[in-house]
Amino acid sequence: MKKISVAVVGATGMVGRTFLKVLEEEKLPVDKYYLFASKRSAGQKINFMGEEHVIEELTETSFDRGIDIALFSAGGSTSEKFAPIAASKGCIVVDNSSAWRMDENVPLVVPEVNPEDIKKNKGIIANPNCSTIQAMVALKPLDDKYKIKRIVYSTYQAVSGAGMGGWSDLENGLKGEAPQKFPHPIANNCLPHIDSFLDNGYTKEEMKMVNETRKILGRDDIAITATTVRVPVFNSHSESINLEFHNSFDLKELVEVLKNAPGVVVQDDPENNVYPMAITATGSNDTYVGRIRRDFSVENGVNLWVVADNIRKGAAANAVQIAQKLIEYMND
Ligand code: A2P
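Residues numbered from 1 in each chain as written. Predicted model: local features only at pLDDT ≥ 70, side-chain atom pairs only at ≥ 80, totals over all residues. Heavy atoms only, no water.

Q: What's the story with the site of the ligand in this structure? I'm lost.
A: As a structural note, the neighbourhood of the ligand is formed by 15 residues, with Thr12, Met14, Ser38, Arg40 and Ser41 the closest of them. Between the ligand and Thr12 there is a distance of 2.5 Å, counted from an oxygen atom to a side-chain nitrogen or oxygen. A distance of 2.8 Å separates an oxygen atom of the ligand from a polar backbone atom of Met14. The fraction of the free accessible surface of the ligand (570 Å²) that becomes covered by protein chains is 70%. More than half of the atoms belonging to the ligand lie within 2 Å of the grid points that define the largest pocket. Here the shell around the ligand is composed, by residue class, of six nonpolar, eight polar and one charged. (Near = heavy atom within 4 Å. Polar contact = N/O pair within 3.5 Å; in protein donor to acceptor, adjacent residues only side chain to side chain. Areas by Shrake-Rupley, 256 points an atom, 1.4 Å probe, with all protein chains shown as cover. 1 Å grid on protein atoms, 1.4 Å probe; cavity = no way out; pocket = protein on both sides within 12 Å on 5 of 7 lines; lining within 4 Å. Sits in = over half its atoms within 2 Å of the grid points. Nonpolar A, V, L, I, M, F, W, Y, C, P; charged D, E, K, R; others polar.)

Take a look at the structure:
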């Protein structure tokens, strides 16, 4: 077995801390960890894997020591600058920002969906957007079987997706304080506004769902539209997904396909009030699917309610799963 060293960049952040939690749970065969953040946190001590680790400032020389894999979650501009530096030193970056996702040389990976793309990396692998990841886990097995024609995404996204600042806006907003992160109060409110607005009237978040879905499924022909909404929920994203297929389907069989899909847990017993919820998905790496019902307004349509922990499966757990596969390939 090759000795592997792994860096976590943004180790003090919302996703970074969950990287550390998931790494502790998954016990990857790693010999050494390095934790990086900004200058502000340099010298701070973090207990990780039963040892005290000191946070280092991320600099241009941080990767001059044979680091094999780096998990990045320190914002787009940090990734834009430092991911190529790390890659040039022989490190493989698993990047959680949106900086590299649509680059044709960068695989965009959900391990349950397109693990084979990991091997095509040229030093950077992108972790998809949180709301896209959970949708892909549920949609890939249905696309394989029934061939998706059109998707309508409507999301109900938690504040943790906006980092520590988003979390504080809800916490403080519930006490009556003014928002710092969002343009309006999020407490007792819904904001149809995630990331910035584009000239076409959509937000960047909405276009991420459209473009990343096509890239991950390798299906440029799927018609997709999305409305993404920030809701006053601390953690876990919920999504209403309306699908139209090219092929006809049997609803019972479709439920079985989902039950057998990797990473999917079907929770669908409306008579007993059983359906996926943010509060029950939080803390899990799985994607929960329920409210599975035919869309009677079209020929081959179905509605799904899909919920997952956006910081785990939507970010940290997905990245750690990619790192796990990378280590397997390194040891092949
Ligand atoms: P720091 O805590 O030192 O600011 P979140 O999205 O939850 O706010 O977390 C952002 C993460 O990215 C934090 O760990 C933050 O570190 C880190 N970060 C922000 N800017 C940089 C930078 N220029 N270099 C390295 N890490 C950064």
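Q: How should I be thinking about the domain arrangement of the protein in this particular structure?
A: Accessible area lost upon the coming together of the parts serves often as the stated size of an interface. Entries for the protein in the domain assignment read domain 1 (5-127 + 315-330) and domain 2 (131-310). Each of domain 1 and domain 2 has a C-alpha centre, and these two points are 25 Å apart. Facing 19 residues of domain 1, the contacting portion of domain 2 comprises 18 residues. Where domain 1 abuts domain 2, roughly 1,600 Å² becomes buried across the two surfaces, and 69% of that area is made up of carbon and sulfur atoms. When residues of domain 1 are sorted by the area they lose upon contact with domain 2, Met14, Glu112 and Val113 head the list and together hold 38% of the total. Viewed at the interface, domain 2 and domain 1 are joined by one salt bridge. Glu212 serves as the salt-bridge partner of Arg101, at 3.1 Å between the closest nitrogen and oxygen. Where domain 1 touches domain 2, the interface holds five residue pairs in polar contact (both at pLDDT 80 or more). (Domains from an automatic or database assignment. Contact = heavy atoms within 4.5 Å. Buried area = accessible area lost by both parts, 1.4 Å probe. Salt bridge = Lys/Arg side-chain N within 4 Å of Asp/Glu carboxyl O.)

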